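The chain contents come next:
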Amino acid sequence: MKKSLPSKKWLVFFSFLFESLAFSKELPTNLELKYELTQSGELLGTVIEKFVTDETGRYRIESATKGIGLYALFGDRVLISEGIISPEGLKPKHFEVHQGNNTSKDAIVDFDWDNQVVITRYKGSETKEAIENKTQDLISYLYQFNYENFEEPIIEFVAASGKKYKKYQFRITDKKVLLSLGDINFETTSIQSLAERDGKPEIQLWLNNKLYKLPVRIRYQEKNGSTLEQNLIQANIDLNGI
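Keep in mind the model is a prediction, meaning the values are calculated, not measured.

A. Representation of the layout of surface pockets. Volume-wise, the largest pocket comes out at about 1,600 Å³. Lining the largest pocket we find 43 residues, and of these Arg-77, Leu-138, Lys-163, Glu-222 and Leu-228 sit closest to its centre.

B. Structural view of the environment of Val-97. Inspection of the secondary structure puts Val-97 in strand β6 (residues 89-99). Using a relative accessible area of 10% as the deciding quantity, one classes Val-97 as buried. Along the chain, Val-97 and Ala-107 lie ten residues apart, while their C-alpha atoms are 5.0 Å from each other. Not counting the four nearest positions on each side in its chain, Val-97 is found in contact with Val-78, Leu-79, Lys-105, Asp-106, Ala-107 and Ser-161.

C. Here's a closer look at the environment of Gly-182. Tracing the backbone through its elements, the reader meets Gly-182 in the loop between β12 (165-181) and β13 (184-193). For Gly-182, a relative accessible area of 65% puts it in the exposed group. Measuring from C-alpha to C-alpha, the distance between Gly-182 and Ile-233 comes to 8.8 Å, with 51 residues separating the pair along the chain.

D. Quick peek at the pairing of strand β9 (residues 125-130). For strand β8 (residues 117-122) and β9, the ladder comprises six bridges, and the chain directions are antiparallel. Note on β9: the bridge partner recorded for Thr-120 is Thr-127. Where β8 folds back on β9, the antiparallel hairpin that results is connected by two residues, among which Lys-123 adopts a positive phi of roughly 50°.

Definitions and cut-offs
Residues numbered from 1 in each chain as written. Predicted model: local features only at pLDDT ≥ 70, side-chain atom pairs only at ≥ 80, totals over all residues. Heavy atoms only, no water. 1 Å grid on protein atoms, 1.4 Å probe; cavity = no way out; pocket = protein on both sides within 12 Å on 5 of 7 lines; lining within 4 Å. Points joined across faces, edges and corners; volume = space filled by probe spheres on them. Helix = DSSP H or I, 4+ residues; strand = E, 2+ residues; numbered from the N terminus. Buried < 20%, exposed > 50% of the residue type's maximum accessible area, 1.4 Å probe, protein only. Contact = heavy atoms within 4.5 Å. Pairing = 2+ DSSP bridges.

So, in structure tokens, the structure goes:
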């Protein structure tokens, strides 16, 4: 059974669901999240993420950023992550980045776990780097928090973006932050990257405390000084097995 509720109805249900279910290390078999995307307060569009798993333990995540107005002219930005789910969490095997019809910006990353190599193909070149522990990609890491130990002072992993292979380190700033979405307050854990830009954390995340550590708000500090922010506005969750 899937539950899809719009506007205030979904918020009320989502709040009830988060309050009533036990903590789980197993992600749902089917999950869709919709975020509103803004830049320094100006609406840019929406981000729709679809997460699915099958009976063999394989997962697929597709994240599509759809701009509005002038931003729609750039086309959808699509991230795709495929891999398996182990007891330690997500283990990506393939990652893609696409920007509209501009194939020159396509990036492909393959994770060769047997040979411990990450292979990145971007703008006609191919690079190979050694896989490090807890390697993720630019979209899988957001779901990996469900498997992390929040009693540790620092949460870290390495992630492939399609352009570079970079270490990410996060510290927990508050384990009980009330975040308001519409008329509903969500209890979240606030974390931020150790890396800063213009004196501000490069990445800040507010993760729901009650179910799967799903991001409720994501904030990115951009190189040009602007702030990109994603706020969750809708969720469809497959309740089978819950």
